[in-house]
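So the chains spell out like this:
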Amino acid sequence: MLFISLYFFDFGVNMEREFIMIKPDGVQRGLIGDVITRIERVGLKIIGLKMLQLTKKMAEEHYAIHKGKPFYEGLIEYITSGPVVAMVVEGKNAVKLTRKIVGATNPLDAHPGTIRGDFALEIGRNIIHAGDSPENAKIEYSIYFEDEEFVQYKKIDEEWIYE
Ligand code: IDP
Ligand code: MG
């Protein structure tokens, strides 16, 4: 019993949900598979996944914190320019881990091996979005997903991923 409660306690620490979006350039360039592979292989669990075309209203809500910045209008145009793939993943330290896999905002600063470092060269065409904190990830995924859409399941590799 003690073992079980300790196990659950440990597993619960830093378990987070992260919001990820493959932007229109990622979709158009055929990178959906590459991106999802990188997210999956690190051990994160996909609990929600959908393709959609963002409306201007959704885009403005998503990027509300950037309103007024010089790149804002271009960003709204870019993110609504074609279909995107929206995803919610779950895992220990999911936000920090995802941001590491995604790489720096400007692909010029993103290390090789990161998604932006490997697939992009301009800041305004940087393939992927990822929430920068668990709180912001929740605000963002709530624009695109209802809570009931998330699938609760246990992956058989969890005991080999979590110590
Ligand atoms: P992040 O996507 O790494 O979190 P943010 O600073 O939150 O970076 O910016 C959101 C998005 O806005 C970036 O991913 C990028 O597409 C775009 N962006 C940020 N800064 C610039 C810029 O200086 N010029 C053009 N686009 C920018
Ligand atoms: Mg951001």
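Refer to the structure presented above.
Below, the structure is looked at part by part. What you see is a predicted model; the values in this text were computed from it and never measured.

1. Here's the deal with the overall build of the protein chain
Logical step 1: On a plain count of helices and strands, the protein chain comes out with 9 helices and 4 strands.
Logical step 2: From first element to last, N terminus to C terminus, the protein chain shows the α and β order α-β-α-α-β-α-α-β-α-α-β-α-α.
Logical step 3: Relative to its length of 163 residues, the protein chain is compact, with a C-alpha radius of gyration of 16 Å against a globular reference of 15 Å.
Logical step 4: For the protein chain, the spread of C-alpha atoms along the three principal axes comes to 55 × 35 × 25 Å.

2. A closer look at helix α3 (residues 32-41)
Logical step 1: Those residues of α3 not exposed but buried are Val35, Ile36, Arg38 and Ile39. The buried residues of α3 occupy an angular sector of 160 degrees when the element is viewed end-on, so they sit on one face.
Logical step 2: In this structure, the buried residues of α3 make contact with β1 (15-22), β2 (45-52), β3 (84-92), α6 (94-102), α7 (115-119) and β4 (128-130).
Logical step 3: Phi for glycine 43, located one or two positions after α3, is positive at around 115 degrees.

3. Describing the side chain of serine 133
Logical step 1: Structurally, serine 133 is set in the loop between β4 and α8 (134-144).
Logical step 2: Looking at serine 133, its side chain comes within polar contact range of the main-chain nitrogen of asparagine 136, at 3.0 Å.

4. Regarding the environment of glutamate 18
Logical step 1: If you trace the backbone, glutamate 18 turns up in strand β1.
Logical step 2: In the structure, glutamate 18 is positioned 15 residues away from glycine 33 in sequence and 18 Å away in space, judged by C-alpha atoms.
Logical step 3: In this structure, glutamate 18 is in contact with Met87, Val88, Val89, Ala94, Val95, Thr98, Arg99, Ala130, Gly131 and Ala137, ignoring residues within four places of it in sequence.

5. A look at α8
Logical step 1: Burial in α8 covers these residues: Ala137, Glu140, Tyr141, Ile143 and Tyr144. In a view along the axis of α8, the buried residues occupy a sector of 140 degrees, so they form one face of it. Of the exposed residues in α8, the ones pointing more than 90 degrees away from its buried face are Glu135 and Ile139.
Logical step 2: The elements touched by buried residues of α8 are β1, β2, α4 (56-62), β3 and β4.

Rules of the game
- Residues numbered from 1 in each chain as written.
- Chains lettered and ligands numbered in written order.
- Predicted model: local features only at pLDDT ≥ 70, side-chain atom pairs only at ≥ 80, totals over all residues.
- Heavy atoms only, no water.
- Helix = DSSP H or I, 4+ residues; strand = E, 2+ residues; numbered from the N terminus.
- Rg over C-alpha atoms; globule rule 2.2 N^0.38 Å.
- Buried < 20%, exposed > 50% of the residue type's maximum accessible area, 1.4 Å probe, protein only.
- Arc of directions from axis to C-beta.
- Contact = heavy atoms within 4.5 Å.
- Polar contact = N/O pair within 3.5 Å; in protein donor to acceptor, adjacent residues only side chain to side chain.

These results come straight from atomic positions and should not be treated as a statement about function.
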